[in-house]
Amino acid sequence: AWLPRLEAAAPAIRAEWDRLRGRPSDYRISDSEHAGTLHSSPEEWHWATFVDGGRVVPALWEECPATAAALEGVPGLMVGDMPYAFAFFSTLRPGSRIAPHTAPANLRLRFHLCLQAAPAASGPEAETSRPACGMRVADEVREWEEGRCLVFDDAYEHEVWNDSAGGGAGAVFCILR
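Conventions we followed
Residues numbered from 1 in each chain as written. Predicted model: local features only at pLDDT ≥ 70, side-chain atom pairs only at ≥ 80, totals over all residues. Heavy atoms only, no water. Disulfide = S-S within 2.5 Å. Buried < 20%, exposed > 50% of the residue type's maximum accessible area, 1.4 Å probe, protein only. Core = buried A, V, L, I, M, F, W, Y, C linked by side-chain atoms within 4.5 Å. Contact = heavy atoms within 4.5 Å. Helix = DSSP H or I, 4+ residues; strand = E, 2+ residues; numbered from the N terminus. Pairing = 2+ DSSP bridges. Patch = residues over 30% accessible without salt bridge, like charges linked within 9 Å, V, L, I, M, F, W, Y side chains within 5 Å. Areas by Shrake-Rupley, 256 points an atom, 1.4 Å probe, with all protein chains shown as cover. Salt bridge = Lys/Arg side-chain N within 4 Å of Asp/Glu carboxyl O. Axes fitted to C-alpha atoms, helices over the stretch in contact; angles between N-to-C directions. Parallel < 35°, antiparallel > 145°, perpendicular 65-115°, else oblique. Left-handed = near helix turned anticlockwise from the far one by under 90°. Nonpolar A, V, L, I, M, F, W, Y, C, P; charged D, E, K, R; others polar.

K.L.:
Can you help me understand the state of the cysteines in this one?
P.N.:
Disulfide: a covalent bond formed between the sulfur atoms of two cysteine residues. Tallied over the entire structure, the rule returns zero disulfides. No disulfide involves Cys149; its nearest neighbouring cysteine sulfur is the one of Cys114, lying 9.6 Å away. For Cys149, a relative accessible area of 13% corresponds to the buried category.

K.L.:
Would you take a moment to explain the nonpolar core for this structure?
P.N.:
Judged by nonpolar contacts, the single largest core of 27 residues is most densely connected at Leu6, Ile13, Phe50, Phe89, Leu113 and Phe173. Leaving out residues up to four positions away in the same chain, Phe173 has contacts with Trp2, Leu6, Leu71, Val74, Leu77, Phe86, Ala87, Leu109, Arg110 and Phe111. By size, the runner-up hydrophobic cluster in this structure holds 16 residues, among which are Met135, Val137, Phe152 and Val172.

K.L.:
Please clarify how the pairing of strand E10 (residues 168-176) should be interpreted in this entry.
P.N.:
If a strand is regular, its side chains alternate between the two faces of the sheet. Taken across its nine residues, E10 has eight buried, putting it largely inside the fold. Alignment of strand E3 (residues 86-92) against E10, held across six bridges, turns out to be antiparallel. Looking at the pairing, Phe88 lines up with Val172 of E10. Relative to E10, strand E5 (residues 108-116) runs antiparallel, the two being bridged by eight bridges.

K.L.:
Would you mind showing me how to read a nonpolar patch on the surface here?
P.N.:
There is a patch of nonpolar side chains on the surface, built from Tyr84, Leu107 and Leu176 and spanning about 230 Å² of accessible area. You can see Tyr84 is positioned in the loop between helix H4 (65-72) and E3.

K.L.:
Can you walk me through the pattern of salt bridges in this structure?
P.N.:
A pair can form between side chains of opposite charge whenever their charged atoms are brought close. Within the structure shown, the criterion is met by twelve salt bridges. Its salt-bridge partner being Glu146, residue Arg14 comes within 4.0 Å of it at the nearest N-O pair. One end of the pair, Arg14, is in helix H2 (residues 10-20); the other, Glu146, is in the loop between strand E7 (140-143) and strand E8 (149-153), with 132 residues separating them in the sequence. For Arg14, a relative accessible area of 23% translates into the label partly exposed. Residue Glu159 pairs with Arg136 through a salt bridge whose shortest N-O separation is 2.8 Å. With Glu159 in strand E9 (residues 158-162) and Arg136 in strand E6 (residues 133-137), this residue pair connects regions lying 23 residues apart in the sequence. Summarising the burial analysis for this pair, Glu159 and Arg136 share the class buried. Salt bridges sharing partners connect three or more residues here, namely Arg14, Asp18, Arg21 and Glu146.

K.L.:
Help me understand the packing of H2 against H4, please; the structure alone is not making it clear to me.
P.N.:
A pair of packed helices can be characterised by two numbers: the angle between their axes and the separation between those axes. Packing of H2 against H4 brings their axes to within 8 Å, and their N-to-C directions diverge by 130°. Judged by the angle between their axes, H2 and H4 are oblique. Here the hand of the crossing between H2 and H4 comes out left-handed. Here H2 contributes Ala12, Ile13 and Glu16 to the contact with H4, which in turn contributes Pro65, Ala66, Thr67 and Ala70. Partitioned by chemical class, the residues of the contact of H2 with H4 number five nonpolar, one polar and one charged.

Okay, structure coming up:
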């Protein structure tokens with residue numbers, strides 16, 4: 001029952017993301033569990049963090065009340081003493097990708113609520129090409145759909161790409177399995 005409410009809140013969450021996306025990213029490659037192996041430069045991936053290693057970032061929760069309310073409505077949202085717990089706005093710049101990787105443990109489900117995506121392919125190329133903005137988990141490929149969540153176990157190998165001319169963005173968070 002909470003997932004449809006979250007997806008219904010996507011326009012309000014998108015409006016908050018729109019206000020924040022021009023700010024410097026708070027993503028730090030040096031703090032990543034993947035030691036800078038996910039992409040080629042920090043400019044490719046922009047973060048605005050709501051939960052960092054299980055710790056709520058109060059200033060962003062106050063600045064983005066619709067997003068905070070949506071996250072508070074998620075049962076099992078990972079907060080507290082959980083080093084692999086995150087919630088953040090994620091923007092993948094045009095022409096960028098996040099390399100195939102896995103989570104450090106099989107303890108969480110990850111949710112990507114798409115806030116901005118490239119238009120879907122149409123015609124014959126839709127059948128033969130991979131989406132311009134999408135994700136692969138194990139052997140399954142999905143295209144981003146604005147206002148919809150992709151839910152997956154990030155213990156499986158996964159990767160994300162944005163081959164479009166526009167930014168791909170989402171609200172990303174984790175819950176306990």
